[in-house]
Each structure stands twice: as structure tokens, then as C-alpha cells.
Amino acid sequence: MKLITILCSTITATILSGCGTFSGKVGFENKCDRDIWVAHVEGFGNEPSVGALGSGLGKRANISDANIPHEVVIHWSYKNNCSDRTSKLLIDNTKMPGKDDELVIRFTNDRKWEASIMR
């Protein structure tokens, strides 16, 4: 009975603290036909640095071992050094990441933000 209680507590703590611990590798990709500027991203313990993302390009950041947040808020723009747009992105918490997985945050052709876990 004690083991079940401990197990339930551990699962609850994991769910409340984030979607799971992963490698800390975060990728940002721009699949849109326009260049964008990502000023900052809220939701991580250590904020990944992004900046300019040209059309069709990507950047990788390593924020060290961390929990994947349930949501991130992306402050971005089509203009350099600006953050006149804000997008909230919910992260699918049904897919538990592995220790070596990467969280990829992508700006799509449809000009929407999406996230996926890459193995």
C-alpha cells in the first residue's frame, strides 16, 4: 500500500511540474515564407535564446535538463528586434519525452506555432 501511495505521489508531482524531464535541447524552426524575430519565450526555467529565424531556417538551444512546460508564450515579430506579437502554445502532455529527445517549436506555413517532440 505504501508503494502505491509513493507511486501516485510521484506521478502527480511529475504531471504538475511539467510534461517530463528531457535533454534540454529546444529547436526553433521557421517553415513560413517570411523571416521572423523571436524576442523571448516564456515557460522554461532557463529561457532559450532565439532571435532571427530566416524563412526555412532553424536554431537550436540547450537549456540543460529541464521539464517540458505545459505551455509556452512566444513573443515575436516579422520585424527585427521587435516583439509586437504574442502567441501561446500548449504542449501536448500525453507524449512523455525521453532523456535524449528534443522539443521542436515550429512556425508553420500557415503562420501558426506548433510543438513536437523529436526522438
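As shown above, the structure is provided for reference.
About the cut-offs
Residues numbered from 1 in each chain as written. Predicted model: local features only at pLDDT ≥ 70, side-chain atom pairs only at ≥ 80, totals over all residues. Heavy atoms only, no water. Pairing = 2+ DSSP bridges. Helix = DSSP H or I, 4+ residues; strand = E, 2+ residues; numbered from the N terminus. Axes fitted to C-alpha atoms, helices over the stretch in contact; angles between N-to-C directions. Salt bridge = Lys/Arg side-chain N within 4 Å of Asp/Glu carboxyl O. Buried < 20%, exposed > 50% of the residue type's maximum accessible area, 1.4 Å probe, protein only.

### Examining the sheet that holds strand β9 (residues 102–107)
Read across the open sheet, the four strands follow the order β5-β2-β9-β10; overall the sheet is mixed. The outermost strands of the open sheet, each flanked by one partner alone, are β5 (58–62) and β10 (113–118). Adjacent strand axes in the sheet meet at a mean angle of 20° when their direction is disregarded. Bridge analysis of strand β2 (residues 25–30) against β9 gives six bridges, and the strand direction is parallel. Looking at β9, one finds that Val26 is bridged to Leu103.

### Focus on the pattern of salt bridges
Inspection of every chain in the model, using the stated rule, returns six salt bridges. The residue Arg106 makes a salt bridge to Glu114 at a minimum N-O spacing of 3.0 Å. Residue classification places Glu114 among the partly exposed positions, given a relative accessible area of 34%. Here the salt bridges share partners, and the residues they tie into one network are Glu29, Arg60, Glu102, Arg106 and Glu114.

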